[in-house]
Amino acid sequence: MTMLVRDANPGDATSIAALHARSWRASYASFVPPEVLGAPLEANMRTRWDVWPAGRLILLAEQAGDVLGFVAAERGGVPIVDNLHVDPGMRGGGIGERLLRHIAARLRDEGVSELRLYVLEGNTDARRFYRRLGGQEETAADDTLLGSPVRMVPMHWSGAAFVDLASDFDCRAGKDA
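About the criteria used
Residues numbered from 1 in each chain as written. Predicted model: local features only at pLDDT ≥ 70, side-chain atom pairs only at ≥ 80, totals over all residues. Heavy atoms only, no water. Helix = DSSP H or I, 4+ residues; strand = E, 2+ residues; numbered from the N terminus. Rg over C-alpha atoms; globule rule 2.2 N^0.38 Å. Buried < 20%, exposed > 50% of the residue type's maximum accessible area, 1.4 Å probe, protein only. Contact = heavy atoms within 4.5 Å. Areas by Shrake-Rupley, 256 points an atom, 1.4 Å probe, with all protein chains shown as cover. Lys, Arg positive; Asp, Glu negative; His and termini not counted. Charge placed at Lys NZ, Arg CZ, Asp CG, Glu CD. Expected span 1.5 Å × (residues − 1). Arc of directions from axis to C-beta.

Asker: So what's going on with the overall build of the protein? Which residues, and what values?
Answerer: The secondary structure content of the protein amounts to five helices and eight strands. When the elements of the protein are put in sequence order from the N terminus, they spell out β-α-α-β-β-β-α-β-α-β-β-β-α. Relative to its length of 177 residues, the protein is compact, with a C-alpha radius of gyration of 16 Å against a globular reference of 16 Å. Along the first, second and third principal axes, the C-alpha set of the protein runs to 45 × 40 × 30 Å. Going through the 177 residues of the protein one by one, you find that 46% of them count as buried. Looking at the protein alone, contacts between residues at least 24 apart form 64% of all its contacts between residues at least 6 apart. Surface exposure of the protein reaches about 8,700 Å², of which carbon and sulfur atoms provide 51%. Placing the 20 positive and 24 negative side-chain charges of the protein at their respective mean positions leaves the two points 2 Å apart.

This is how it looks when you write it as structure tokens:
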């Protein structure tokens with residue numbers, strides 16, 4: 001079966017919120033106290049997705065109606081990817097890369113020439129993933145995640161790195177999604 005990447009819409013909010021919570025539990029358990037990954041996380045995600053975020057570009061990966069992942073970017077001078085989440089059971093299959101490349105290409109088509117996102121300093125797998133895709137790490141800074149102190153590393157794509165990220169993933173040799 002083929003995976004489809006499409007624009008998300010308000011009707012997808014419940015599925016996105018559920019996937020977002022599953023992804024946070026799988027990704028952030030070692031960074032925040034376990035009690036915040038239960039009911040507080042569920043409430044946070046419902047609140048976050050109850051009102052559709054206007055003006056943001058949100059893409060969804062799905063297969064046979066199942067949401068496999070999503071990516072969201074805040075538009076602006078330098079757009080910020082504030083969410084890139086793949087269902088924990090589907091990780092490693094190229095979905096995250098495909099979503100990141102798609103959103104970069106869409107932003108490029110809107111006249112954008114660079115992109116930024118923030119990743120937990122201790123999330124070495126994600127940092128390696130973003131570096132493999134050409135992201136340049138910048139200086140880490142203190143932040144909070146669900147009320148817990150964390151350090152975040154900005155990742156930045158510009159110039160040739162952004163052009164490569166925004167290139168057509170389907171035409172690349174060795175594609176894995």
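Asker: A description of helix H2 (residues 39-50) should follow, citing residues and the corresponding values.
Answerer: Along its 12 residues, H2 runs 16 Å from first to last C-alpha, staying within 8% of the 16 Å computed at 1.5 Å per residue. Every buried residue belonging to H2 is among Leu41, Met45 and Trp49, and all of these are buried. When H2 is viewed along its axis, its buried side chains cluster within an angular range of 50° and face the same direction. Seen from the buried face of H2, the exposed residues on the opposite side, beyond 90 degrees, are Ala39, Thr47 and Asp50. The inward-facing, buried residues of H2 abut helix H1 (13-28), strand E2 (56-63) and strand E3 (66-74).

Asker: Give a description of unusual backbone geometry that names residues and reports values.
Answerer: Not every positive phi belongs to a glycine, and Ala64 is a case in point at roughly 50°. As for its position among the elements, Ala64 is in the loop between E2 and E3. The class of Ala64 is exposed, set by a relative accessible area of 57%. The phi dihedral of Leu146 is positive, around 50°, even though this residue is not glycine. Inspection of the secondary structure assignment puts Leu146 in the loop between strand E7 (141-145) and strand E8 (148-158). Assessed through its relative accessible area of 24%, Leu146 is described here as partly exposed.

Asker: Requested: an account of H1, with residues and values cited.
Answerer: Spanning 16 residues, H1 covers 21 Å between terminal C-alpha atoms, matching the ideal 22 Å at 1.5 Å per step. Looking only at H1, the buried set comprises Ala13, Ile16, Ala17, Leu19, His20, Ala21, Ser23, Trp24, Ser27 and Tyr28. Buried residues belonging to H1 abut H2, E2, E3, strand E4 (80-86), strand E5 (114-120) and E7.

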